[in-house]
Amino acid sequence: MRVVWIVLDSVGIGAMPDAAEFHDAGADTLGHICEAYPEIRIPNLRSLGLGCIEGCNPSIGPVEQPVGVYGKAAEISAGKDSVTGHWEMIGIHTKEPFQTFPDGFPERIVKPFIEEAGIPGVLGNCVDSGTSIIQRLGKEHEETGKPILYTSQDSVFQIAASEETFGLDRLYRICEIARKQLMGENLMARVIARPFVREKEKEGYVRTTNRHDYAIPPGNENLLFYLKEQNVPVVSVGKIYDLFSGCGITKAVKTKGNMDGVDRTLEEMDTLSEGLLFTNLVEFDSTWGHRRDVKGYKEGLEAFDERLPEIINKLRREDLLIITADHGCDPSYIGTDHTREYVPILLYGKDLPAADLGIRGTFADLGETVGQLFGVRHLPIGTEIAGVKRR
């Protein structure tokens, strides 16, 4: 059989009980978008049961007879970023949050990085938005050759540099240096290469699609490793490969955006005879969520929904489609960071009867389901979190 598992990056469905501890009380990515745009056109997601999920914002819109299996899941791990979210899906419980630097990186981190990378210094070294910091420091970067270093509320060491003057390969090389250094006491979840170029039509800079994430390896006790043990093919589309440092991935396909991700997923469905096809659609998060673009987010959801029938039509009778998210990033909320939210669960198979899954106690219920379908070991993760009852 085949499982087509699609992560709509950051499409959360309402604040979790502990959201206030993450300064996210009241966040609701999908609900607030539907409130702002009640005319939003997502009939295919709704038909699968999206609006029928327990406790979701009524503006999402329930249907009388959903055709899918629907529910939502709480995150048991201590975080609200892509790494902890995706890792939990495959059975990894991140009990302690990854290290963050809301005041910028200390000299003990920056100095060794500058020395080994062979660069004249860094610019920025602060918490900022990736799109705004390149406008503010892009010209100085081109003049000095100093890469732009910045972070967020997540555990990320982000390095932005011009593809034209600094060079893409050189940017990747210094990111690899940073990844090796940011282990042990300085452990960070991800180093991210953020290349950009000058905009041709107007003054300023624009990020390219050549982003590359360098995550820490997830270890061997997880779904992807177990699938590898059983020789089950795993094809990743989008940033899935980066988030798992290639663990268990037998083929990796890069993408240039959501619609390209859908295109590549459809192409892989034409050739993959069995196994897991694991896709991440990142623009919900990177293009609209972090930039607090409610209208863009709404249009992105509509664009995916319009193409969902193409994916469903390619499913074989024994295939399973999973649609979920990894965290929230409410574009109507304060700040520019992720939000601590439940994630939707939508399952569809041609012979799978509609059902209500209620509220699941961990994202790992998804991975456990996939594991059981392929006959691998149980996942090593707990299922209890305050305020959530597992059914």
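Details of the structure are given in the entry above.
What counts and how
- Residues numbered from 1 in each chain as written.
- Predicted model: local features only at pLDDT ≥ 70, side-chain atom pairs only at ≥ 80, totals over all residues.
- Heavy atoms only, no water.
- Helix = DSSP H or I, 4+ residues; strand = E, 2+ residues; numbered from the N terminus.
- Polar contact = N/O pair within 3.5 Å; in protein donor to acceptor, adjacent residues only side chain to side chain.
- Contact = heavy atoms within 4.5 Å.
- Salt bridge = Lys/Arg side-chain N within 4 Å of Asp/Glu carboxyl O.
- Buried < 20%, exposed > 50% of the residue type's maximum accessible area, 1.4 Å probe, protein only.
- Pairing = 2+ DSSP bridges.
- Axes fitted to C-alpha atoms, helices over the stretch in contact; angles between N-to-C directions.

### Details of the side chain of Thr151
No. 1: Residue position: Thr151 is located in strand S4 (residues 148–151).
No. 2: A polar contact of 2.6 Å, which involves the side chain of Thr151, links it to the backbone oxygen of Val156.
No. 3: Ignoring any residue separated from it by four or fewer positions in sequence, one finds Thr151 in contact with Phe101, Phe105, Cys126, Val127, Asp128, Val156 and Gln158.

### Comments concerning the pattern of salt bridges
No. 1: Summed over all chains, the structure comprises 24 salt bridges.
No. 2: We note a salt bridge from Asp18 to Arg340, for which the minimum N-O separation is 2.9 Å. In this pair, Asp18 sits in the loop between strand S1 (2–8) and helix H1 (29–36) while Arg340 sits in the loop between strand S12 (320–324) and strand S13 (343–348), placing the two residues 322 residues apart along the sequence.
No. 3: With relative accessibility at 2%, the residue Arg340 sits in the buried group.
No. 4: Two residues, Glu318 and Arg316, come together in a salt bridge whose shortest N-O distance is 3.3 Å.
No. 5: When salt bridges with common partners are traced through the structure, they connect Arg2, Arg316, Glu318 and Asp319 into a single cluster.

### Overview of the sheet that holds strand S2 (residues 69–73)
No. 1: Pairing is mixed in the open sheet, where eight strands are placed in the order S10-S9-S11-S1-S12-S13-S2-S14. If you trace the sheet from one side to the other, it starts and ends with strand S10 (251–253) and strand S14 (355–360), each paired once. The sheet shows a mean angle of 15 degrees between the axes of neighbouring strands, taken without regard to direction.
No. 2: Of the strand pairs in this sheet, S2 and S14 are connected by five bridges, and their pairing is parallel. Looking at the pairing, Tyr70 lines up with Asp356 of S14.
No. 3: Contacts between helix H12 (residues 364–374) and the sheet are confined to S1, strand S11 (275–281), S12, S13 and S14, with S1 contributing the most and set at about 165 degrees to the helix.

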